[in-house]
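So you can see what is in the structure, the chains are spelled out below.
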Amino acid sequence: MESLEIPVMAPEPCACGPGNGINTLRFEPRRCINCGRCTEVCPHGVFRRGEKTIELANENDCMECGACALNCPTRAIAVESGVGCAAAMMKAAILGKDEVVCGEDCCE
Amino acid sequence: MTGVTSTTTTLTGRDKGEHVLIRLGYRRMFHRIKPGLYSVGNPSPESPVLVTANFTLSFDALRTSLGGVDAYILVLDTKGVNVWCAAGKGTFGTDEVVRSVEASGLKDVVTHRKLVLPQLGAPGVAAHEVKKRTGFAVLFGPVRASDVREYLRLGKATEEMRRVRFPTQDRAVLIPVEMKNYMWPSLAIAVASLLLGGWLALTAVVLAFLSGTTLFPLLLPHLPTKHFTSKGMTLGLLVSLPFAVLASYLSGFNGSPGTLSALAGVIVLMPPVVGYMGLNWTGCSTYSSRTGVKKEIFRFVPVIVVLLVAGLIMLAISGVGQLAGWF
């Protein structure tokens, strides 16, 4: 259980490539320091360790939870995180309110 | 050691009773643990610190996985919401971890500077931020509490421990809550159907209800097509066709346009109703993305609306026609 010592840099968000058209995940390998945090936090095995940087293994499986982007110390990953809940989205659209998910005002 | 509450790794009958109530959706926001520092076994200052949410099922899943382990449990205040959902909302978040570490006086309880967080807390917690602000390194443990003991033994999580799955059992436990959520509108529709269409109409409503709440989650990975809505619509069709055959047999089908219109109405209505329930199930799943669901809404809601209107018109034609003596 070694703790990771990671240099924190990159003040501005990721200016990554065009993405895959299926979800909003973007990865910029030039910023990646191969720390492996994303491979730890991703619940769907989207990333894998590569030679010098992380590689995208299953980018279409990304569910946009945002764990990788939040935990990337060099901001090599960007994703518009959100919850894939149709009920919450349709409710918000009909009532003209902000989306509320998973808690007091949801699923009731 | 003041401020540390001792807890057990077993469930009492009362705990189990509460779990049943939670699964039934009873007062779902009121199953909370007091946030703070807890201990299981006889922890020393070198023992691991495991972090969790203050939702009863989250806390209980963790502590019951720790039989024979000496450890501390740091319970965050997530307002009674489970780890993954709270992380998505940000209440299982960096700020709350920092606040809890300070409020609990953890620095004086343990000599090491490590926190083990559930992996699914990661959408809310930036590990490097916590390190910077508290001096505690965040280690992301396994997805499931049941793997925590093995994780502690190995000192790391295996690939399998890092994957979110959605086995039949995990889908099945959601059935009662889904039933509860659809209860009132379904009852209203059921009563209306019974009054307007009789027993067979009521049976169709019950079938739709059971298909959407029960069969859909159980059969989810086995239903054809990719989208939740089309899976639901397929299921709706698979259920409505045998129903139509049985209903025409039971009602002594005479081939009149009125009966034909009613049966066609049921066949046309079942897919959009179950499809809509399938679409709403996206939020229960462990893999749907916001972008994907948004696309699915735009693609399938128009289809649902068209089929609903068409089916209702067919039922109306049948009903009005029989009253007016058209057939």
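Since this is a predicted model, take the numbers as computed values, not measurements.

Student: Let's hear about the overall build of chain B: which residues, and what values?
Tutor: Counting its secondary structure elements, chain B contains 13 helices and six strands. For a compact globule of 327 residues, the expected C-alpha radius of gyration is about 20 Å, and chain B comes in at 26 Å, more than 25% above that figure. In terms of its C-alpha atoms, chain B occupies a principal-axis envelope of roughly 85 × 40 × 30 Å. In chain B, buried positions account for 42% of the 327 residues. A fraction of 70% describes how many contacts in chain B between residues 6 or more apart in sequence connect residues 24 or more apart.

Student: Kindly report on the overall build of chain A, identifying the contributing residues and their values.
Tutor: Helix and strand content of chain A: three helices and four strands. For chain A, buried positions account for 39% of its 108 residues. The contacts in chain A between residues at least 6 apart in sequence include a share of 42% that link residues at least 24 apart.

Student: Which residues make up the pairing of strand S3 (residues 49-52) of chain B, and what values do they have?
Tutor: Residues and elements named next belong to chain B. Residues Val49 and Val51 line one face of S3 and the alternating positions Leu50 and Thr52 line the opposite face, and both faces are buried. In terms of strand pairing, S3 meets strand S4 (residues 71-75) through four bridges, oriented parallel. Within S4, the position partnered with Val49 by the bridge is Tyr72. One crossover worth recording links S3 to the parallel S4 by way of helix H2 (residues 56-64), and it is right-handed.

Student: For the interface of chain B and chain A, give the residues involved together with the corresponding values.
Tutor: Contact residues are listed per partner, giving 38 residues for chain B and 36 residues for chain A. Among the secondary structure elements, those contributing two or more residues to the side of chain B that touches chain A are helix H3 (83-89), helix H6 (127-134), strand S6 (137-140), helix H12 (257-280) and helix H13 (290-324) of chain B. Sort the elements by how many residues they give to the side of chain B that touches chain A and H13(B) lands first, with seven residues.

Student: Run through helix H3 (residues 86-95) of chain A, naming residues and quoting values.
Tutor: Residue and element names in this part refer to chain A. Every buried residue of H3 is accounted for by Ala86, Ala88 and Met89. Across the axial projection of H3, the buried residues extend over an arc of 165°, all falling on one side. Away from the buried face of H3 by more than 90 degrees, exposed residues Ile94 and Leu95 are located. Looking one or two places after H3, you find Gly96, whose phi comes out positive at around 65°.

Student: A description of the packing of helix H10 (residues 199-219) of chain B against H12(B) should follow, citing residues and the corresponding values.
Tutor: All names here are of chain B. Running from N to C, H10 and H12 point in directions that differ by 30°, and their axes come no closer than 9 Å. Compared by their axis directions, H10 and H12 come out roughly parallel. In this structure, H10 meets H12 at a crossing whose hand is right-handed. Residue-level contacts link Ala204, Ala208, Ser211, Gly212 and Phe216 of H10 to Val266, Met270, Val273, Val274, Met277 and Gly278 of H12. The residue inventory of the contact of H10 with H12, partitioned by class, reads eight nonpolar, three polar and no charged.

Student: Can you tell me about the domain arrangement of chain B, naming the residues and giving the values?
Tutor: Frequently, the measure chosen for interface size is the accessible area that the parts lose on association. Residue and element names in this part refer to chain B. Taken domain by domain, chain B consists of domain 1 (4-164) and domain 2 (169-324). Spacing between the C-alpha centres of domain 1 and domain 2 amounts to 40 Å. Residue-level contacts link four residues of domain 1 with five residues of domain 2. Of the residues contributing to the side of domain 1 that touches domain 2, the split by class is two nonpolar, one polar and one charged.

Student: I'd like a description of helix H11 (residues 228-250) of chain B, backed by residues and values.
Tutor: Residue and element names in this part refer to chain B. The first and last C-alpha atoms of H11 sit 33 Å apart over 23 residues, in line with the 33 Å expected at 1.5 Å per residue. In the core, the buried residues of H11 are packed alongside H10, H12 and H13. Of the residues flanking the end of H11, it is Gly252, one or two places downstream, whose phi is positive at about 60°.

Student: Break down the pairing of S6(B) for me, with residues and values.
Tutor: For a regular strand, the rule is simple: side chains alternate between the two faces of the sheet. Residue and element names in this part refer to chain B. For strand S5 (residues 114-117) and S6, the ladder comprises four bridges, and the chain directions are parallel. Across the sheet, Lys114 pairs through a bridge with Ala137, a residue of S6. Taken together, S5, H6 and S6 constitute a β-α-β crossover, and its handedness is right-handed.

Student: Could you give an account of unusual backbone geometry, with specific residues and numbers?
Tutor: For A:Asn34, which is not a glycine, the phi torsion comes out positive at approximately 60°. Judged by the 15 C-beta atoms lying within 10 Å of it, A:Asn34 is partly exposed. A positive phi is found at B:Lys79, a non-glycine position, where the angle reads about 60°. On the neighbour-count criterion, B:Lys79 (17 C-beta atoms within 10 Å) is partly exposed.

Student: Account for the confidence of the model for chain A, naming residues and giving values.
Tutor: Model confidence for chain A is summarised by a mean pLDDT of 84, while 80% of its residues fall at 70 or above. Predicted confidence for residues 1-11 of chain A stays below pLDDT 50, and this span has 18 contacts to residues more than four positions away or in other chains.

Student: Can you break down the environment of A:Cys72 residue by residue, with the values?
Tutor: Residues and elements named next belong to chain A. Looking at the element boundaries, Cys72 is found in the loop between helix H2 (67-71) and strand S4 (77-78). As for Cys72 and Ile33, which are separated by 39 residues in sequence, their C-alpha atoms are 9.6 Å apart. Not counting residues within four places of it along the chain, the set of residues in contact with Cys72 comprises Arg37, Cys38 and Ile77.

Student: Talk me through the confidence of the model for chain B; I want residue IDs and the actual numbers.
Tutor: Predicted coordinates in regions of low pLDDT should not be interpreted in detail. A residue-level look at chain B finds 99% of positions with pLDDT of 70 or above and a mean pLDDT of 95. Across the assembled chains, the prediction reports ipTM 0.90 with pTM 0.91.

Criteria and cut-off values
- Residues numbered from 1 in each chain as written.
- Chains lettered and ligands numbered in written order.
- Predicted model: local features only at pLDDT ≥ 70, side-chain atom pairs only at ≥ 80, totals over all residues.
- Helix = DSSP H or I, 4+ residues; strand = E, 2+ residues; numbered from the N terminus.
- Rg over C-alpha atoms; globule rule 2.2 N^0.38 Å.
- Buried ≥ 20, exposed ≤ 12 C-beta atoms within 10 Å, placed from the backbone.
- Contact = placed C-beta atoms within 7 Å.
- Pairing = 2+ DSSP bridges.
- Right-handed = clockwise from strand over helix to strand, strands pointing away.
- Arc of directions from axis to C-beta.
- Axes fitted to C-alpha atoms, helices over the stretch in contact; angles between N-to-C directions.
- Parallel < 35°, antiparallel > 145°, perpendicular 65-115°, else oblique.
- Left-handed = near helix turned anticlockwise from the far one by under 90°.
- Nonpolar A, V, L, I, M, F, W, Y, C, P; charged D, E, K, R; others polar.
- Domains from an automatic or database assignment.
- Expected span 1.5 Å × (residues − 1).
- pLDDT = per-residue confidence, 0-100.

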